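Each chain is listed here by its residues.
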Amino acid sequence: MALQGRKPGWLLDKILGRSTEERLREEAAAEHAADMAPQAASEVEPIPEPPALSPASVYEGQPDFVPAAEPRPLPAAPPTVAEASPDRAAFEKPVDELEGATLQPVEGQPEGGGPAEPIPRLATDPGSPRSEPLPPTSPAAPAAEERGWWRRLTEGMRRTSSSIGESVTGLFTKRKLDRATLDDLEDVLIGADLGVETATRITEAIGAGRYDREISPGEVKAIMAAEIEKVLAPVAVPLAIDRTKRPFVLLMVGVNGAGKTTTIGKLAQKFRRDGLSVVIAAGDTFRAAAIEQLKVWGERVGAPVIARGQGADAAGLAFDALTEARERGADMLMIDTAGRLQNKAGLMAELEKIIRVIRKVDPDAPHASLLVLDATVGQNALSQVELFARTAGVTGLVMTKLDGTARGGILVALAAKFGLPVHYIGVGEGVEDLEPFTARDFARAIAGLDENPTLH
Ligand SMILES: Nc1nc2c(ncn2[C@@H]2O[C@H](COP(=O)(O)OP(=O)(O)OP(=O)(O)O)[C@@H](O)[C@H]2O)c(=O)[nH]1
């Protein structure tokens, strides 16, 4: 019969005046596009365009990263360790404490006597050692966007700035400057986690030529902001994404609860807005809730999430994710990692293994390794940096939860001690509450001063 042997669709082709080969090519292209589209694209909420805001930060309206002009120097390869075969029994058994208290974040613990923000629990993961809430249902709460970054920053930093500001007002109102007052201020600044070095630097700058004279709290704050800015300026470095690396591999490390998973979601949204295709690897296989949380973020921002079950080998997953991201031609691969394993050595061995294994696919990977730090842990952040810098070749920092603490000064101490780039800071759980770090804005916010005057 005449119809026999015809390829399906030939009649439509004939009507539309195209060849069967043309149609097959179109179909293949459509299939590829569907593959690259977010999972369950119809369910993914559209990413709203950011509204035109008056710039509160020099970064507003700019991409959230800078294209790297030159390939970045790679972090030194971490030492090869004996193959860390993940102990499944240990994985499955929730461990509350890491060996060595220095690694433990202080979750939801308020300082200064203020009430902690209640941490909502995720109902679907009752067995998890620590259940997180899913991210907010709207990727960009309009109210948050309308507030602008400067307001979000200063509102978030209020606990830090008001604890310093109240002391400054108390110490410097209608008093002649003397050594005792400066010593008191130094104690306040050290207590606010700025570190001895910066505290001394600030008090010396305030004292220079002003003994026995009245100095207003406003003047003190201005000098303080200027000194803090000097410390922070060298580390306020935007994340450089080398577009010749495809995918650019971003490894996210940090202790449990620091905000890695949330930060990945927030950053993925930024990268997607900037037109990059992103693949996410759910490498925190220790916690089922982290995998689920990431899947939700992935759907929301339109980034495929490569995941395996709880307890799966994270290095193997990272290897597969990099291979797949490469096949898809993705611009970015973001790898989440566990913050808690059976012990500190286990955690570090796993990070080293992940790096070793992904280098089998791309010898330069990871192209950036970001340590996520929770500001509420205060001085503990210093030992976290030391540990992760040694193991995971940390190239930059992200500091979260600056809103929930009076200890935001720790960022200044970190800058003075390590000089590691600080790429982003988080001042809330909302998707818009993470922004590139700018020295002047942060310095003025911490000192409780008005908006960056150079922008007006
Ligand atoms: N207030 C506030 N909360 C934040 C911020 N960033 C993250 N969080 C919250 O901190 C909690 C922990 O965040 P996660 O992203 O799950 O932390 P994690 O590092 O992935 O934790 P593990 O998966 O256990 O390793 C969540 O409730 C987040 O919503 C921030 O900037 N401010």
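Every residue gets a number counted from 1 within its own chain, in the order that chain's sequence is written. Confidence filtering applies because this is a predicted model: local features only for residues at pLDDT of at least 70, side-chain atom pairs given and counted only at 80 or more, and all residues used for totals across whole chains, interfaces and linings.

### With respect to the overall build of the chain
Next, step 1: By definition, any uninterrupted DSSP run of H or I lasting at least four residues is a helix, any uninterrupted run of E lasting at least two residues is a strand, and each is numbered from the N terminus. Each helix and strand counted, the chain has 15 helices and ten strands in total.
Next, step 2: What counts as a contact is two residues whose backbone-derived C-beta atoms lie within 7 Å of each other. Nonlocal contacts in the chain, meaning residues at least 24 apart in sequence, comprise 80% of its contacts between residues at least 6 apart.

### A word on the packing of helix H7 (residues 196-207) against helix H8 (residues 217-232)
Packed helices, taken two at a time, are described by their axes: the angle between them and the distance between them.
Next, step 1: Interaxial distance between H7 and H8 falls to 9 Å at its minimum, and their mutual angle equals 135°. As judged from the angle between their axes, H7 and H8 are oblique. Seen from above, H7 lies across H8 with right-handed handedness. Packed against H7, whose contacting residues are Thr198, Arg201, Ile202, Ala205 and Ile206, the element H8 presents Val220, Ile223, Met224, Glu227, Ile228 and Val231 at the interface. Note on method: axes are straight lines fitted to C-alpha atoms, helices fitted across the in-contact stretch only, with angles between N-to-C directions ranging 0 to 180 degrees. Here roughly perpendicular refers to angles of 65 to 115 degrees, roughly parallel to angles under 35, roughly antiparallel to angles over 145, and oblique to all remaining angles. A clockwise turn of the near helix away from the far one marks a right-handed crossing, whereas an anticlockwise turn of less than a right angle marks a left-handed crossing.

### Concerning the UniProt feature "domain: SRP54-type proteins GTP-binding" (unreviewed entry) in the chain
Next, step 1: UniProt positions are given in the numbering used here, feature names are shortened, and annotations may be inferred rather than shown by experiment. In this numbering, the UniProt entry assigns the feature "domain: SRP54-type proteins GTP-binding" (unreviewed entry) to residues 421-434.
Next, step 2: With 0% helix and 43% strand, residues 421-434 has end C-alpha atoms that lie 16 Å from one another.

### Describing the site of the ligand
Next, step 1: In the neighbourhood of the ligand, 26 residues make up the surrounding shell, with Asn256, Gly259, Thr261, Gly339 and Gly426 lying closest.
Next, step 2: Among the elements that line the shell around the ligand, the one with the most residues is helix H9 (residues 260-273), at three residues.
Next, step 3: Following the grouping adopted for this structure description, the nonpolar residues are Ala, Val, Leu, Ile, Met, Phe, Trp, Tyr, Cys and Pro, the charged ones are Asp, Glu, Lys and Arg, and the polar ones are all others, Gly among them. Counted by class, the shell around the ligand contains six nonpolar, eleven polar and nine charged residues. Placing a C-beta atom from the backbone of each residue, we mark the residue near a molecule or strand if the atom is within 6 Å of it.

### A closer look at the pairing of strand S8 (residues 396-400)
Next, step 1: The burial label depends on the number of other C-beta atoms within 10 Å of a residue's C-beta. Counts of 20 or more mean buried, 12 or fewer mean exposed, and intermediate counts mean partly exposed, with C-beta atoms placed from the backbone. Most of S8 is tucked away, with five of its five residues classed as buried.
Next, step 2: A two-sided burial pattern is seen for S8, the buried positions comprising Gly396, Val398 and Thr400 on one face and Leu397 and Met399 on the other.
Next, step 3: Sheet topology places strand S7 (residues 368-374) next to S8; five bridges connect them, and they run parallel. Among the inter-strand pairings, leucine 373 is bridged to a residue of S8, identified as methionine 399.
Next, step 4: We call a crossover right-handed when, viewed with the strands running away from us, the connection from the first strand over the helix to the second turns clockwise. At this point the chain moves from S7, through helix H13 (residues 380-392), to the parallel S8, and the crossover so formed is right-handed.
Next, step 5: Note: S8 against strand S9 (residues 422-426), three bridges, orientation parallel. Looking across to S9, one finds that leucine 397 is bridged to valine 422.
Next, step 6: Following the chain from S8 across helix H14 (residues 410-418) to the adjacent parallel S9, one finds a crossover that is right-handed. Whether two strands pair comes down to DSSP finding at least two bridges between them.

### Comments concerning the environment of leucine 411
Next, step 1: Relative to the helices and strands, leucine 411 resides in helix H14.
Next, step 2: Residue classification places leucine 411 among the buried residues on the basis of 27 C-beta atoms within 10 Å.
Next, step 3: Separated by 179 residues in sequence, leucine 411 and leucine 232 place their C-alpha atoms 8.4 Å apart.
Next, step 4: The residues contacting leucine 411, other than those within four sequence positions of it, are Ala375, Met399, Val422 and Phe442.

### As for the sheet that holds S7
Next, step 1: With mixed pairing, eight strands are arranged side by side in an open sheet as S5-S4-S6-S3-S7-S8-S9-S10. Only two strands of the sheet have a single neighbouring strand rather than two, namely strand S5 (305-306) and strand S10 (434-436).
Next, step 2: Of the strand pairs in this sheet, strand S3 (residues 248-253) and strand S6 (residues 332-335) are connected by four bridges, and their pairing is parallel. Its bridge partner lying in S6, phenylalanine 248 is registered against methionine 332.
Next, step 3: Against the sheet, H9 touches S3, strand S4 (278-281), S6, S7, S8, S9 and S10, its axis set at about 170° to S4.

### What about the confidence of the model for the chain?
Low-confidence regions, as indicated by low pLDDT, have predicted coordinates that should not be scrutinised in detail.
Next, step 1: For every residue, the predictor reports its confidence as pLDDT, a number between 0 and 100. On average, residues of the chain score 75 in pLDDT, and 66% of them reach the 70 mark or higher.
Next, step 2: Below a pLDDT of 50 lies the segment residues 1-7, which in the model reaches one contact outside its immediate sequence neighbourhood of four places, other chains included.
Next, step 3: Between residues 27-61, whose pLDDT stays under 50, and residues either more than four places distant or in other chains, the model counts 47 contacts.
Next, step 4: Listed scores for the predicted complex are pTM 0.72 and ipTM 0.94.

### Focus on H13
Next, step 1: Under the convention used throughout, the expected extent of a helix is 1.5 Å for every residue step, that is, one less than its residue count. Under the 1.5 Å per step criterion, the end-to-end length of H13 is 18 Å for 13 residues, consistent within 8% with the ideal 18 Å.
Next, step 2: Among all positions of H13, only Ala381, Gln384, Leu387, Phe388, Thr391 and Ala392 are buried. All buried residues of H13 lie within an arc of 125° about the axis, which places them on one face of the element.
Next, step 3: In this structure, the buried residues of H13 make contact with S3, helix H12 (344-361), S7 and H14.
Next, step 4: Looking one or two residues beyond H13, the residue adopting positive phi is glycine 393, at roughly 50°. This arc is taken over the directions from the axis of the helix to the C-beta atoms.

### Thoughts on the domain arrangement of the chain
You'll often see interface size given as the accessible area lost when the parts meet.
Next, step 1: Each domain span listed reflects an automatic or database assignment of domains. Taken domain by domain, the chain consists of domain 1 (156-234) and domain 2 (236-444).
Next, step 2: On a C-alpha basis, the centres of domain 1 and domain 2 stand 34 Å from each other.
Next, step 3: Each side of the interface is counted separately: domain 1 has 18 residues, and domain 2 has 24 residues.
Next, step 4: The set of elements that each furnish at least two residues to the side of domain 1 that touches domain 2 consists of helix H5 (158-172), H7 and H8.
Next, step 5: Per-element tally for the side of domain 1 that touches domain 2: the top contributor is H8, with five residues.
Next, step 6: Partitioning the side of domain 1 that touches domain 2 into residue classes produces nine nonpolar, five polar and four charged.

### Quick word on the nonpolar core
Next, step 1: What makes a nonpolar core is a set of buried Ala, Val, Leu, Ile, Met, Phe, Trp, Tyr and Cys residues, with links drawn between C-beta atoms within 7 Å. In this structure, Ile280, Leu333 and Met334 are the most contacted members of the largest nonpolar core, which totals 111 residues.
Next, step 2: Among the elements that make up this core, the one with the highest residue count is helix H11 (residues 314-328) (seven residues).
Next, step 3: Of the domains in this structure, domain 1 (156-234) and domain 2 (236-444) are the two that each give at least three residues to this core.
Next, step 4: Not counting residues within four places of it along the chain, the set of residues in contact with leucine 333 comprises Pro247, Val249, Leu250, Val279, Ala281, Ala321, Leu322 and Ala325.

### Concerning unusual backbone geometry
Next, step 1: Cis peptide bonds are those with omega within 30 degrees of zero, and the linkage from arginine 246 to proline 247 qualifies with 0°.
Next, step 2: Along the chain, the position of proline 247 falls in the loop between strand S2 (240-241) and S3.
Next, step 3: Of note, the bond from alanine 365 into proline 366 is cis; its omega dihedral lies within 30 degrees of zero at -5°.
Next, step 4: For aspartate 212, which is not a glycine, the phi torsion comes out positive at approximately 65°.
Next, step 5: Counting through the fold element by element, aspartate 212 comes out in the loop between H7 and H8.
Next, step 6: One non-glycine residue, lysine 401, lies in the positive phi region at around 60°.
Next, step 7: Mapped onto the fold, lysine 401 is located in the loop between S8 and H14.

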